[in-house]
Amino acid sequence: MLHNPNASTVAYNPQQDHGWERTGPGPFDVALGFLRRHYLLIAITTVVSLVASFTVLKLVPPTYSADVKIMLGSAKPPVLQPQPVQDDPPLDMESQIEILKSKSVATAVISKLNLADDPDFSGKASPLHGVMGAIRRLVSSTPEPSAPSMDDLLEEFQRRMNAFRIGTSTVVEVDFTASDPQRAAMIANAIVKEYFDQQLKAEANEQRTVTAWLHDRLQELGNDATSAERAVNDLKSRHNIVSADGRFVDQQQITELTNRLVAARTHTSSLMTRLNRFDEMLASSTSDSPVDSFAAVSDFAPAELSGNLNPPDGLSISNSNSTAIINSLRQQYLDNAKREYEYAAKYGSDHLAVINIRAAMKSIRQAILDEVRRLADVAKHDYAEARQQQQEVEKQLAQAVVRSQDTMAAEISIRELETSAKGYRALYDTFLQRYMGSVQQGSFPIAKARVISAATPPKKKIKPKSLVLLGIGLFGGLAFGGGLGLLRELRDRSFRTTDQLEDRLRLPCLSVVPLLRQGEVNRITSKAALGAAGKADAECSRRMMTRGTGACWAASAMPSSRFAESIRSLKVAIDQDPNRTARKVLGLTSALPNEGKSMIAASLAQSIASSGKRVIVIDCDLRNPSLSATLAPDAGTGIADIVSGARLLEETVWTDPATRLDFLPGKGAAHRDTSDILANEQMRKLFEQLRASYDYIIVDLPPLAPVADARAISGLLDSFVLVVEWGRTPADVVEHALNTAPNVYDALLGVVLNKTDMKALKRYANHFGDYYNHRYYARYGSVMAE
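Given the structure is predicted, the values throughout are model-derived calculations rather than measurements. (Residues numbered from 1 in each chain as written. Predicted model: local features only at pLDDT ≥ 70, side-chain atom pairs only at ≥ 80, totals over all residues. Heavy atoms only, no water.)

### Structural notes on the overall build of the protein chain
Stage number 1. The helix and strand tally for the protein chain stands at 31 helices and 14 strands.
Stage number 2. Within the protein chain, buried positions represent 41% of all 786 residues.
Stage number 3. Counted over contacts in the protein chain with a minimum sequence separation of 6, partners at least 24 positions apart contribute 82%.
Stage number 4. Summed over its atoms, the accessible surface of the protein chain is roughly 41900 Å², and 55% of this surface lies on carbon and sulfur atoms. (Helix = DSSP H or I, 4+ residues; strand = E, 2+ residues; numbered from the N terminus. Buried < 20%, exposed > 50% of the residue type's maximum accessible area, 1.4 Å probe, protein only. Contact = heavy atoms within 4.5 Å. Areas by Shrake-Rupley, 256 points an atom, 1.4 Å probe, with all protein chains shown as cover.)

Structure below.
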């Protein structure tokens, strides 16, 4: 960290006097300053980006998208469906979508519509096609293919085509993009039509294969059924077995008796169940709940109440025609219940009409129960009679079984053969039905899909989207310009403001020297040079400096300029040094060459000399005496000759006739060690002699970074002023140069920000920028600065 002990003694520090801290610019000020500095770059990149967007809109052909919506899995008409057919498996939507996207469909559409000559597929739709073709012919000697290959056509077709399922439905949307809306709709419809055609062809081929297989299988089953029936007849003839109506006589009798027995048992069981339910109902009729007793009666079917249970043939039971009575009582009860509910809701449950209806309902329930008791007695009689008839049928069946045991073995064989013949015949009938259905279905094929929304020429293009592209161009240009500006900010390591300089170096900024307009400065200094030439002729006995054109003479040639005012600010800062009486020798140095330290030294000396002080400027930049070349280009001897004893001081000093400023050139040090010359004892004696003769001694020193001469002579100087070029000298270079020269840094009065672009400074100084505005100074003098 740099620390200068003289910083608080030469500059006004508001923190010490008032106790407040200097606050930096806020985010808004930082952003505004960034825009001020880089608005031109951002504007240029934005305009270029917008022009590029307009160019893309003009060069890229528009793209239109047409879509077709189809529903997959449509059922066939029921009239064509065979009866014994299973349900179709669920349709695989993903497989159907892949078929739509398949190369077979694409190849067929390309061939039918002759898309090889289509501009979208040949690449001729874009205006860039001709340019790219010309470039390709120039770069490559290979001739351009006359027509695209089928692989290229398929790739382009599949790139432009898309099919996807809409949600979880069975609807599929097929999209196709083209540069012409009519062509996009035509190709989209052609894709769906080709898909339907291929589906019908595949289904027809499958149907033909199935029909042929069913035909062959029918012939085999017919032969097997005929063979089985012949074997049955042969076995009956060998065993002299006669059958009636296709059944054996004994077996037919046993079958009839068995059926009668089953019917008798069933009838007996039904009567017993009926009797039990009568008993349960009568037992539940003692309940006080009228709902329960009536529910028990209501559970009986009319046939159960009446006793009409259809007894088997040969069995007789006594029936009672009670259906009409029971139904009438039930209907009366239901009607009264409805009226009771309506009256109770209308008049209240305690109304006399409601009470009368309830009494009628109670009498009806009692009548139903009396009828049920009568039916229960009838049921007991019927059950006893059915039980007796069942026992008689069982006895007859046992006698028939004994008679049929003799022919049982032959009958078993015949039965097996008949079962086999029936099975073959049933299979034959089933396959015949399927064969007939397949033949009919093949004659009327129907696709398992249908179009629900055909493609129509789209009204709007999908790309390039003008607003989106222009928005991308606008915001992209702004972002790119801002990025370039930010990159410039990050790469800029120089000093741009006094705050940066003071915060980084911990030194006060003594003055901000503006960048001069070189043409106007040369014009004014040339006029001043003509006026000074007359004084030089009058004092020809002394070595007089010849005024030329350039910034070194601007301070005296333009005393009312802003440049001269900044030099006077530097002079005031030096004069306000509390230790001024002990500091007569002032050295000006810089971190790097060409930062303008020699010009500042000459201008400062002229400003002091104009006030009547005796001032001498010494050019101690012996390796590059640029100040000597400007102020005394004809000088042949200099400070090195005085140190060596070859010349006296009076013989080497040059004088400005206008300001009486003396100048000691830095000549005579060729092929010698300049550091030894500057640190020589004779140099110390020379400076003591100069201290006695002059009020101010301004020393133009070499830069700190390239050479060590400034450090070698630092012991002879009282204080230093560092000159830093605005926007050029890197800050880390200045810090490093001061760290390597601590003796110079400790004696520094402050820093001069030189060659400052005052207009650009406003963009960097943010809210302090108006402090340096030209219009404020123009009321007091000429600006003559950038």
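Read on, since the account is not over.
### With respect to the environment of Asn 743
Stage number 1. Along the chain, the position of Asn 743 falls in helix 29 (residues 742–746).
Stage number 2. Between the C-alpha atoms of Asn 743 and Ala 712, which are 31 residues apart in sequence, the distance is 9.9 Å.
Stage number 3. When residues no more than four places from it in sequence are discounted, the contact partners of Asn 743 are Arg 711 and Ser 714.
Stage number 4. At a separation of 2.6 Å, a polar atom in the side chain of Asn 743 contacts the side chain of Ser 714. (Polar contact = N/O pair within 3.5 Å; in protein donor to acceptor, adjacent residues only side chain to side chain.)

### Comments concerning the packing of aromatic side chains
Stage number 1. Per the counting criterion, the structure on display carries six aromatic pairs.
Stage number 2. Measuring from ring centre to ring centre gives 5.1 Å for Phe 157 and Phe 176, while their planes differ by 45 degrees; the resulting arrangement is tilted. Note that Phe 157 is positioned in helix 8 (residues 150–160) and Phe 176 in strand 3 (residues 171–178), a separation of 19 residues in sequence. Grouping residues by exposure puts Phe 157 and Phe 176 together as buried. (Phe/Tyr/Trp six-rings, centres within 6.5 Å; stacked < 30°, edge-to-face > 60°.)

### Here we look at the pattern of salt bridges
Stage number 1. For the coordinates displayed, the defined rule picks out 27 salt bridges.
Stage number 2. The salt bridge partner of Arg 684 is Glu 688, with a shortest N-O separation of 2.5 Å. Highlighted residues: Arg 684 and Glu 688, both in helix 26 (residues 681–693), separated by four residues, approximately one helical turn.
Stage number 3. In this structure, Asp 718 and Arg 691 form a salt bridge, with 2.8 Å as the shortest nitrogen-oxygen distance. Of the two residues, Asp 718 sits in the loop between helix 27 (709–713) and strand 13 (719–725) while Arg 691 sits in helix 26, which places them 27 residues apart along the sequence.
Stage number 4. Here Arg 691 falls in the partly exposed class, since its relative accessible area comes to 25%.
Stage number 5. Residues joined in a network through salt bridges with shared partners are Asp 67, Lys 69 and Glu 173. (Salt bridge = Lys/Arg side-chain N within 4 Å of Asp/Glu carboxyl O.)

### Re the pairing of strand 3
Stage number 1. Buried residues dominate strand 3, accounting for eight of its eight residues.
Stage number 2. Burial along strand 3 is two-sided: the residues Val 171, Glu 173, Asp 175 and Thr 177 and Val 172, Val 174, Phe 176 and Ala 178 are all buried.
Stage number 3. Bridge count for strand 1 (residues 64–72) against strand 3 is eight bridges, and the pairing is antiparallel. If you follow Met 71 over to strand 3, its bridge partner there is Val 171. (Pairing = 2+ DSSP bridges.)

### Here we look at the confidence of the model for the protein chain
Should pLDDT be low for a region, the predicted coordinates there are not to be read in detail.
Stage number 1. On average, the protein chain scores 78 in pLDDT, and the residues at 70 or more come to 75%.
Stage number 2. In the predicted structure, residues 7–20 sits below a pLDDT of 50 and forms 16 contacts with residues beyond four places in sequence or in another chain.
Stage number 3. Every residue in residues 288–293 is under pLDDT 50, and counting partners more than four places away or in other chains gives five contacts. (pLDDT = per-residue confidence, 0-100.)

### Some details on the sheet that holds strand 3
Sheets are built from strands paired through backbone hydrogen bonds, the pairs being either parallel or antiparallel.
Stage number 1. The strand order across the open sheet built from four strands is 2-3-1-6, with neighbouring strands paired in antiparallel fashion. Because the sheet does not close on itself, it has two edges, and the strands there are strand 2 (161–165) and strand 6 (449–453). Ignoring strand direction, the axes of neighbouring strands in this sheet form an average angle of 30 degrees.
Stage number 2. For strand 2 and strand 3, the ladder comprises five bridges, and the chain directions are antiparallel. Note that in strand 3 the partner of Met 161 across the bridge is Phe 176. (Axes fitted to C-alpha atoms, helices over the stretch in contact; angles between N-to-C directions.)

### A word on the sheet that holds strand 13
Stage number 1. If you trace the eight strands from one edge of the open sheet to the other, you get 7-14-13-8-12-9-11-10, paired in mixed fashion. The sheet is open, and its two borders are formed by strand 7 (509–514) and strand 10 (654–655), each paired with just one other strand.
Stage number 2. In the sheet, strand 9 (residues 615–619) pairs with strand 11 (residues 662–664) via three bridges, with the strands oriented parallel. Looking across to strand 11, one finds that Val 617 is bridged to Phe 663.
Stage number 3. Contacts between helix 21 (residues 597–610) and the sheet are confined to strand 7, strand 8 (585–590), strand 9, strand 12 (696–700), strand 13 and strand 14 (748–756), with strand 12 contributing the most and set at about 165 degrees to the helix.

### Brief notes about unusual backbone geometry
Stage number 1. Residue Pro 464 is bonded to the preceding Lys 463 through a cis peptide linkage, with omega at -5 degrees.
Stage number 2. Relative to the elements of secondary structure, Pro 464 occurs in the loop between strand 6 and helix 16 (466–491).
Stage number 3. The residue Asn 114 is not glycine, and still its phi comes out positive at about 55 degrees.
Stage number 4. Overall, Asn 114 belongs to the partly exposed group, its relative accessible area being 44%.
Stage number 5. Backbone geometry at Arg 506 places phi at a positive 55 degrees, although glycine is not the residue there.

### Topic: the side chain of Asp 118
Stage number 1. With respect to the helices, strands and loops of the structure, Asp 118 is situated in the loop between helix 5 (103–113) and helix 6 (119–122).
Stage number 2. A relative accessible area of 7% means that Asp 118 is categorised as buried.
Stage number 3. Here the side chain of Asp 118 touches Asp 120 through a polar contact of 2.8 Å, landing on its backbone nitrogen.

### Observations concerning the packing of helix 20 (residues 562–575) against helix 21
Stage number 1. The geometry of helix 20 relative to helix 21 is characterised by a closest axis approach of 9 Å and an angle of 75 degrees between their N-to-C directions. Judged on the interaxial angle alone, helix 21 and helix 20 are roughly perpendicular. Contacts between helix 20 and helix 21 pair Phe 563, Ile 567, Arg 568, Leu 570, Lys 571 and Ile 574 from the former with Met 599, Ile 600, Ser 603, Leu 604, Ser 607 and Ile 608 from the latter.
Stage number 2. Taken together, the residues of the contact of helix 20 with helix 21 break down into eight nonpolar, two polar and two charged. (Parallel < 35°, antiparallel > 145°, perpendicular 65-115°, else oblique. Nonpolar A, V, L, I, M, F, W, Y, C, P; charged D, E, K, R; others polar.)

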